[in-house]
Amino acid sequence: METKQMTSEEKQDMMFNRLLSPKDPQGNDLAFKSPEAKNNYTASIKRIWDAIRLKKPDRVPVTIFPSMFPINHAKMTVEEAMYDYGKCVSAFRQYTLEFRPDVQWGAAAPGPGTFFEKLDYKLYKWPGHGVDPTHSYQCVEGEYMNEDEYDALITDPSFYFRNFYLPRVFGALQGFTMLPPFTGILEMYGLAFSFIPFGLPPVQNTYNKLFEAGAEALKWAGAMGGFDAEMTSEGIPNILGGFTKAPFDTIGDTLRGTKGIMLDMYRRPEKLIAAMEALTPIMINMGIASAQQTGNPLIFIPLHKGADGFLSDQQFRKFYWPTLQKVILGLIDGGCVPFPAAEGAYNTRLEIIKDLPKGKTMWMFDQTDMAKAKKIVGDNICLFGNVSSAMLELGDPDEVKEYAKRLIDTAGKDGGFVMANGAFFDRAKPENIKTLIEFTKEYGV
Amino acid sequence: MSKKLINAIADMKEKEAVSIVEEMVKNGSSPMAILDAVREAMDIVGRRYEKGIYFLPELILAGEMMKKINGIIKPEMEAAAPKGGRGKILMGTIKGDIHNIGKDIVTFMLEAHGFEVLDLGVDVPFEKFTEAIRDFKPNVVGLSGFLTLAFDAMKETITAIKNAGLRDNVKIMIGGGQIDEKVKTYTAADAFGKDAMAAVTLAKNWIGG
């Protein structure tokens, strides 16, 4: 069947059905470790797929979406995991097989340290490079796009990213500032002029660095792919297809920065909105392309600056939601399952976000009131998460059990809920994780 | 004039506020009168924030307006304004964490409400806090942390303050994305705050004024 003629429903079904018969890198059917592993794999996918579609699954699915917890749990430093991909995989293997969540999310969280070094990445500080070896990497908040550059971004986002933004955040990509727009490459006459920059040493140096970084990325991706295949054979699927962002956060997180975008809301609102609209199709394609590449349907969308307390209701409706909603709808059209993660609380946004098609998205909630969420958006979207980082690290198993019970009884009533943590965490008491997973498997039927 | 200035700032009319200040300076208004108006406007901004009318964009824009106005009247008044009328507060993002936005907003709101704030920046080692408590003699210490690693770093910072024999000299408030009552107890802080106005309220209650 030609994908263009398929409905979004059929496309999503196709993605999940494809997940049910996993392949090895050679394209053959992947061998499961045991018939039981195969059954677990199939049951997990059906369970979470049912939850997303708001059908009642055989039991409440449970997973943990950790940040550096597996690394700390394996008594490794984050620096070690970033520089030794085998070690990173072994930490995630240990964690996944010890706790056995229904689905896992890959071992990509630490990322490849050598790769970041080769590119001289300046946007983040990472373990051993500006933060303690045992800590997670952290973003260096700043204005990487100047206030007078909106027109350049709006006119040609890709050109702006390549010639302005990327050279600012990657020391190794300075040569990009000299590149011509590719849209000038049209006809034979004068063609060679467009290629002159590629003969210049700074550009050639940049490309050499890119080749090296690409080789390193490939090496890392091999380790990550191997881990996913291994977990699949153990019966624990990874359904994460990639990520994209809300256009407001794309600009507010790493282009203009928090302060920059919030001032722009007052100083140049039209430009800000035009820029978000220019980025919208790009954010949609980013998600669809990665889902097609990985074959996994879920597209993670970490939401940062639209939480309760950040913007007023009116500002959220004017600046944050319209382009985010378009991104979500565009992803659904492309056969993906958008997986927004509402960091902080989203209590005041529930009435707005419920305006989405039924059974097509899964929302990770951090500090949102889940009973309220169930009531307001539960008929439209699958709820995920809400077990707090503080409880997982500082609480005890009895507290976790009690909280999980309450979540299953309220948010989990009649399906449409996935038990999980609400925000990324680096540390936790292992017994709390164990309790959360085992209790849900037992009580959530 | 100062009524107009108060309204312009409180209603987020940046250009208007700046031109009113420029006109007031030209007409010989005293820098103190301008500062009083700014402070009154900031009180309105703070109240609107507490009531849920204003949010982060307004706090940030108010901070920028205050900075611009200070820049204009600075030549008129070197240190004319009595600093820290309400008390002294030491702020910093704890060791291992480089996030500054939350801390900066809290710092600005405290300053706008008349506190003298010493901001130690981000990734602040324990000993820098204890040294600053000795030298700056704050009434309140505010610890900021965005990541879950903040739990331990806050606890260790507060322990370091205690071990230095300085714990009884200060009240300690903590804040940040994942901070709640449980973390407050764990770190042995005196209180935690959910937002910038909570910090102002805590400081006012502790110091008075």
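Remember, it's a predicted structure, so these values are computed and weren't measured experimentally.

Reading the values: rules and limits
Residues numbered from 1 in each chain as written. Chains lettered and ligands numbered in written order. Predicted model: local features only at pLDDT ≥ 70, side-chain atom pairs only at ≥ 80, totals over all residues. Heavy atoms only, no water. Core = buried A, V, L, I, M, F, W, Y, C linked by side-chain atoms within 4.5 Å. Buried < 20%, exposed > 50% of the residue type's maximum accessible area, 1.4 Å probe, protein only. Contact = heavy atoms within 4.5 Å. Salt bridge = Lys/Arg side-chain N within 4 Å of Asp/Glu carboxyl O. Helix = DSSP H or I, 4+ residues; strand = E, 2+ residues; numbered from the N terminus. Polar contact = N/O pair within 3.5 Å; in protein donor to acceptor, adjacent residues only side chain to side chain. Patch = residues over 30% accessible without salt bridge, like charges linked within 9 Å, V, L, I, M, F, W, Y side chains within 5 Å. Areas by Shrake-Rupley, 256 points an atom, 1.4 Å probe, with all protein chains shown as cover. Pairing = 2+ DSSP bridges. Buried area = accessible area lost by both parts, 1.4 Å probe. Nonpolar A, V, L, I, M, F, W, Y, C, P; charged D, E, K, R; others polar. Axes fitted to C-alpha atoms, helices over the stretch in contact; angles between N-to-C directions. Expected span 1.5 Å × (residues − 1). Arc of directions from axis to C-beta. Parallel < 35°, antiparallel > 145°, perpendicular 65-115°, else oblique. Right-handed = clockwise from strand over helix to strand, strands pointing away. Lys, Arg positive; Asp, Glu negative; His and termini not counted. Charge placed at Lys NZ, Arg CZ, Asp CG, Glu CD.

Caption draft 1: The arrangement of the nonpolar core in detail. Ranked by size, the top nonpolar core spans 153 residues in total, and within it Tyr346, Ile353, Trp363, Phe365 and Met419 of chain A together with Leu110 of chain B carry the most contacts. Excluding residues within four positions of it along the chain, tryptophan 363 of chain A makes contact with Leu303, Trp321, Ile328, Pro340, Tyr346, Ile353, Leu356, Ile381, Cys382, Leu383 and Phe384 of chain A. One finds Leu394 of chain A together with Phe129, Ala150 and Val170 of chain B within the second-largest nonpolar core, a separate group that totals 27 residues.

Caption draft 2: Representation of the pattern of salt bridges. Taken as a whole and judged by the stated rule, the model has 37 salt bridges over all chains. With its nearest N and O atoms 3.3 Å apart, the salt bridge here joins lysine 122 of chain A to aspartate 120 of chain A. Residue classification places lysine 122 of chain A among the partly exposed residues on the basis of a relative accessible area of 40%. Where arginine 427 of chain A meets aspartate 152 of chain B, a salt bridge forms, and the shortest distance between an N and an O atom there is 3.1 Å. Within this pair, whereas arginine 427 of chain A is found in the loop between strand 9 (417–418) and helix 19 (430–443), its partner aspartate 152 of chain B is found in helix 7 (residues 150–163), the two belonging to separate chains. Salt bridges sharing common partners tie together Glu143, Glu147, Arg256, Asp264 and Arg268 of chain A.

Caption draft 3: Structural context of the environment of lysine 358 of chain A. All names here are of chain A. Mapping lysine 358 onto the fold places it in the loop between helix 15 (350–353) and strand 7 (362–365). For lysine 358 and isoleucine 381, which are 23 residues apart along the polypeptide, the C-alpha to C-alpha distance reads 6.2 Å. Sequence-distant contacts of lysine 358, that is, excluding residues within four places in its chain, are made with Leu54, Asp379 and Asn380. Here aspartate 379 takes part through its backbone oxygen, which lies 3.5 Å from a polar atom of the side chain of lysine 358.

Caption draft 4: Here's a closer look at a nonpolar patch on the surface. All names here are of chain A. A cluster of nonpolar side chains, Met178, Phe193, Ile196 and Leu200, forms an exposed patch at the surface whose accessible area comes to about 390 Å². Within the element layout of this structure, isoleucine 196 appears in the loop between helix 9 (191–195) and helix 10 (201–234). Given the relative accessible area of 47%, isoleucine 196 is considered partly exposed.

Caption draft 5: Molecular detail of the sheet that holds strand 3 (residues 138–139) of chain A. Residues and elements named next belong to chain A. Strand order in the open sheet formed by 3 strands is 2-1-3, with mixed pairing between adjacent strands. Every interior strand has two partners, whereas the edge strands, strand 2 (130–131) and strand 3, have only one. Two elements, strand 1 (residues 124–127) and strand 3, share 2 bridges in a ladder whose sense is antiparallel. Considered in strand 3, the bridge of tyrosine 124 is made with cysteine 139.

Caption draft 6: The interface of chain B and chain A, seen in detail. Across the contact, 31 residues belong to chain B and 33 residues belong to chain A. Between chain B and chain A, a total of about 2700 Å² is buried, with carbon and sulfur atoms accounting for 59% of that surface. Inspection of the region where chain B meets chain A yields 4 salt bridges. Here lysine 182 of chain B makes a salt bridge to glutamate 399 of chain A, at a shortest N to O gap of 2.3 Å. Where chain B packs against chain A, one counts 11 residue pairs in polar contact (both at pLDDT 80 or more). Within the residue set of the side of chain B that touches chain A, elements represented by two or more residues are helix 4 (56–73), helix 7 and helix 8 (181–187) of chain B. With 8 residues, the top contributor of residues to the side of chain B that touches chain A is helix 4 of chain B. Residue classes in the side of chain B that touches chain A are distributed as 14 nonpolar, 6 polar and 11 charged.

Caption draft 7: Focus on the environment of methionine 231 of chain A. All names here are of chain A. Here methionine 231 shows up in helix 10. In sequence terms methionine 231 and alanine 420 are 189 residues apart; their C-alpha atoms lie 19 Å from each other. With residues up to four places along the chain from it excluded, the contact list for methionine 231 reads Arg93, Thr96, Leu97, Gln104 and Ile236.

Caption draft 8: Fine view of the sheet that holds strand 5 (residues 298–303) of chain A. Residue and element names in this part refer to chain A. A sheet is described by the order of its strands in space; here 6 strands give the open sequence 4-5-6-7-8-9, paired in parallel fashion. At either end of the open sheet lies a strand with only one pairing partner, and these are strand 4 (240–243) and strand 9. Along the sheet, helix 14 (residues 313–333) makes contact with strand 5, strand 6 (337–342) and strand 7, crossing strand 5 at roughly 170°.

Caption draft 9: Fine view of helix 18 (residues 397–410) of chain A. Residues and elements named next belong to chain A. An ideal rise of 1.5 Å per residue puts 20 Å on 14 residues; helix 18 measures up with 20 Å between its terminal C-alpha atoms. Among the residues of helix 18, Val400, Ala404, Leu407 and Ile408 are the ones counted as buried. On an axial view of helix 18, the arc spanned by its buried residues comes to 95°, and they lie on one face. For helix 18, exposure combined with an orientation more than 90 degrees from the buried face picks out Asp398 and Glu402. Looking at the packing, one finds that the buried side of helix 18 touches helix 16 (370–377), strand 8 (382–385), helix 17 (389–394), strand 9 and helix 19.

Caption draft 10: Layout of unusual backbone geometry. All names here are of chain A. Of note in the backbone geometry, leucine 54 takes a positive phi value of approximately 65° without being a glycine. Leucine 54 sits in the partly exposed class, given a relative accessible area of 21%. You will see that asparagine 386, though not glycine, has its phi angle at about 90°, which is positive.

Caption draft 11: Fine view of the packing of helix 11 (residues 247–255) of chain A against helix 14 of chain A. Residue and element names in this part refer to chain A. Where helix 11 meets helix 14, the axes come as close as 7 Å, and the angle between the chain directions of the two elements is 120°. Our classification of the angle between helix 11 and helix 14 gives oblique. Each of Pro247, Phe248 and Asp249 in helix 11 lies in contact with helix 14, whose residues at this interface are Phe319, Tyr320, Thr323, Leu324 and Val327. Split by residue class, the contact of helix 11 with helix 14 holds 6 nonpolar, 1 polar and 1 charged.

Caption draft 12: Representation of the pairing of strand 1 (residues 88–93) of chain B within the structure. Residue and element names in this part refer to chain B. The buried fraction of strand 1 amounts to 5 of the 6 residues, a majority that puts the element mostly inside the structure. Of the pairings in the sheet, the one linking strand 1 to strand 2 (residues 116–119) comprises 4 bridges and is parallel in character. Paired with leucine 90 across the bridge in strand 2 is leucine 118. Once you follow strand 1 into helix 5 (residues 101–112) and on to strand 2, the crossover reads as right-handed. Sheet topology note: the strand 1/strand 3 (residues 140–144) ladder contains 5 bridges and is parallel. Paired with isoleucine 89 across the two strands is valine 140, which belongs to strand 3.

Caption draft 13: Highlighting a negative patch on the surface. Residues and elements named next belong to chain A. The grouping of Asp396, Asp398, Glu402 and Glu431 at the surface amounts to a negative patch. With respect to the helices and strands, aspartate 396 occurs in the loop between helix 17 and helix 18. The partly exposed category is assigned to aspartate 396, whose relative accessible area is 35%.

Caption draft 14: Geometry of the side chain of serine 8 of chain A. Tracing the chain through its elements places serine 8 of chain A in helix 1 (residues 8–20). Apart from the residues within four sequence positions on either side, serine 8 of chain A is in contact with Ile332, Asp333, Gly335 and Lys360 of chain A.

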